[in-house]
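So the chains spell out like this:
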Amino acid sequence: MGQQELHDKILALVKEYCDKYHNQPKNFHEGDKISYASRVYDHEEMCNLVDSALEFWLTSGRYVQEFEAGLSKYLGVKYTAVVNSGSSANLLAFMTLTSPLLKERRIRPGDEVIAVAAGFPTTVSPIINYGAVPVFVDVTIPQYNIDTAQLEEALSEKTKAVMIAHTLGNPFDLQAVKAFCQKHNLWLIEDNCDALGSTYELDGVEHFTGSIGDMGTSSFYPPHHMTMGQGGAVYTNNPLLNKIMRSFRDWGRDCVCASGQDNFCGHRFDGQYGELPKGYDHKYVYSHFGLNLNITDMQAAVGCAQLKKFPDFVERRRYNFNLLHKELQEVQDKLILPEPCPNSNPSWFGFMVTCREGIQRDKVIRYLENHGIQTRMLFSGNLIKHPCFDEMRKAGKGYRVIGDLANTDRIMNDTFWVGVYPGMTDEKLVYMAKIIKEAVSKV
């Protein structure tokens, strides 16, 4: 049996195995666990994974190139760089803005970045780790995104950027935030990790979130909109930012050659860089203090198969959200239901609700969990109340807060969310709504 014939036989067996042992439908019974998120896949992902393993190119390769090109095409952006996690994507996006190549617009230690405390910590941690200063503004309810009315108050002569997330798939007010950034010559990083596939209409044109700011980021951790196990991406339309972010991702090197490639530019041994000897090997010239944030080709192979399914994933998320919203209309006197941002069409990551006065969140979520329904908080709730801020808070420095973050604290105390991922059936969603209605009527 020849190599190609054996290869094809292996993949045929993988397909048979996946179809038989991974994707058999299971009947739902009330009380069965309903996860807030889960992977949705079939034999295409598994065959791609094995195909890559048989090739045994263990670092970034052809599947990475295919995925980067595919995601760029989907989002309508010029450049995409995949990385090993969504956290690394946020880190890389922020690091890019610290490059000396950006001259006077470069972020330096002590400069300020406008952010929110109601969200996931890795949107903020790159700012703090670098020595810049996050300036926290409040969010609105029931959209759970930045209160744009506070932007001007948050501005100072040290402000260099805005770095915020689209909360659970719901776009923030991009028109207001974009205009603010343009007015004051600020960078805008869209943390798009929970919103891949969401769209926003700006000046009469519909754009994907993540493509409107200077850079967008994504996560491909299993609960997210699509998965490759671990993984993330940074994308941009700016060629200089693309050059910088790829340098930071790839050890900080100046060279643009792909892994396994030599002398793409044709000038590998004739350049002059820094105080190095003329002609020093360009593959080992470093223009930034970078890291290795690459993924393996096996991960990207899974991502390539997921990307083909992704438009259907987005539509199912919207359908699931709308069904749950309809089913919960009758308890709006007890729960504040989520609302999309005007001019947007969210790719919902979850269904978030806030308990009204007299409804105790802790009792509601215990009731749900006891009936098999997995719940989640809005991540940190109020990030500055966490132990990681203890030393900064005691020292009275390291961050600024605009106002009293009243809605952020309300979310910390009264808000939770449940899932709407594409693998949910109507039966599960209707049952979930039934239990939520029972919970708020009994507590």
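See the structure shown above.
Residues numbered from 1 in each chain as written. Predicted model: local features only at pLDDT ≥ 70, side-chain atom pairs only at ≥ 80, totals over all residues. Heavy atoms only, no water.

### What to know about the overall build of the protein
Rules: Here a strand is any run of E in DSSP of at least two residues, a helix any run of H or I of at least four, and the numbering for each starts at the N terminus. Each residue is assigned to one of three classes by its accessible area relative to the maximum for its type, calculated with a 1.4 Å probe on protein chains only: buried under 20%, partly exposed between the two thresholds, exposed over 50%. Contacts between residues were defined by any pair of non-hydrogen atoms, one from each residue, lying within 4.5 Å. The method behind every accessible area is Shrake-Rupley, applied with a 1.4 Å probe, and residues are considered shielded solely by the protein chains displayed. Counting rule applied: Lys, Arg positive; Asp, Glu negative; His and chain ends not counted. By convention, charge coordinates are those of NZ in Lys, CZ in Arg, CG in Asp, or CD in Glu.
What the protein contains, in helices and strands, is 13 helices and 14 strands. C-alpha extents for the protein along the principal axes are approximately 75 × 70 × 45 Å. Out of the 443 residues belonging to the protein, those deemed buried represent 53%. Pairs at least 24 residues apart make up 74% of the contacts formed inside the protein by residues separated by at least 6 positions. Accessible surface computed for the protein: about 20,100 Å², of which carbon and sulfur atoms make up 51%. In the protein, which carries 46 positive and 53 negative side-chain charges, the distance between the mean positions of the two groups comes to 3 Å.

### A short note on the pairing of strand β6 (residues 199–202)
On a regular strand, one side chain projects to one face of the sheet and the next to the other, so that they alternate. Selection rule: The criterion for strand pairing is that DSSP finds at least two bridges linking the strands in question.
Pairing analysis gives four bridges linking β6 to strand β7 (residues 205–208), with the strands arranged antiparallel. Bridge pairing in β7 links L202 to V205. From the end of β6 to the start of β7, which pair antiparallel, there are two residues, and D203 there has a positive phi angle of about 55 degrees. Alignment of β6 against strand β11 (residues 344–345), held across two bridges, turns out to be antiparallel.

### Section: the environment of N90
Take N90: it is sitting in helix α4 (residues 86–96). In the structure, N90 is positioned 33 residues away from T123 in sequence and 6.2 Å away in space, judged by C-alpha atoms. Leaving out residues up to four positions away in the same chain, N90 has contacts with T122, T123, P126, M163, D191 and T217.

### Description of the sheet that holds strand β10 (residues 335–336)
Think of a sheet as strands paired side by side through backbone hydrogen bonds, with each pair either parallel or antiparallel. Ordered in space as β10-β12-β14, the three strands form an open sheet in which the pairing is antiparallel. Single-partner strands in this sheet number two, and they are β10 and β14 (415–419). Bridging between strand β12 (residues 350–355) and β14 involves five bridges; their strand directions are antiparallel. What sits directly across from M352, in β14, is W417.

### Comments concerning the side chain of S347
With respect to the helices and strands, the residue S347 is situated in the loop between β11 and β12. On the accessibility criterion, S347 (0% relative accessible area) is buried. Setting aside anything within four residues of it in sequence, one finds S347 in contact with L168, G169, D194, A195, L196, G197, S198, H225, V314, R317 and R318.

### Digging into the environment of T140
In this fold, T140 is placed in the loop between β3 (133–137) and α6 (151–154). Its relative accessible area of 23% is what places T140 among the partly exposed residues. Taking the C-alpha atoms as reference points, T140 and N407, 267 residues apart in sequence, are found 6.5 Å from one another. With sequence-adjacent residues up to four places away left out, T140 is seen in contact with N145, D147 and N407.

### With respect to the pairing of β12
The buried count for β12 comes to six of six residues, which makes it a mostly enclosed element. With burial as the criterion, each face of β12 is covered, one bearing G350, M352 and T354 and the other bearing F351, V353 and C355. Strand direction decides the pairing type here: β10 and β12, joined by two bridges, are antiparallel. Bridging across to β12, I336 finds its partner in T354.

### Describing the packing of aromatic side chains
Applicable threshold: Stacked, tilted and edge-to-face are the three classes applied to pairs of Phe, Tyr and Trp rings, where Trp contributes its six-membered ring and a pair requires centres within 6.5 Å; stacked means planes under 30 degrees apart, edge-to-face means over 60, and tilted covers the rest. Charge-over-ring contacts are defined here by two conditions on Lys NZ or Arg CZ: a distance within 6 Å of the ring centre and an angle within 35 degrees of the ring normal.
The tally for this structure, following the rule as stated, stands at 15 aromatic pairs. Relative to F220, the ring of F67 has its centre 5.3 Å away and its plane inclined at 85 degrees; by these criteria the two rings are edge-to-face. Taken together, the positions of F67 in helix α3 (residues 62–75) and F220 in the loop between β8 (215–219) and β9 (232–236) put the pair 153 residues apart, joining distant regions of the chain. Accessibility classification places F67 together with F220 in one group, the buried group. Relative to Y399, the ring of F136 has its centre 6.0 Å away and its plane inclined at 65 degrees; by these criteria the two rings are edge-to-face. Of this pair, F136 sits in strand β3 while Y399 sits in the loop between α11 (390–395) and β13 (400–401), and the two are 263 residues apart along the sequence. The class for F136 is buried, based on a relative accessible area of 0%. The rings of Y36, F120, F349, F379 and W417 are connected pair by pair, giving a single aromatic cluster. If you follow R62 out to its NZ or CZ, it ends over the ring of Y63, 4.3 Å from the centre. One Lys or Arg, R105, reaches over the ring of W187 and ends 3.7 Å from the middle of that ring.

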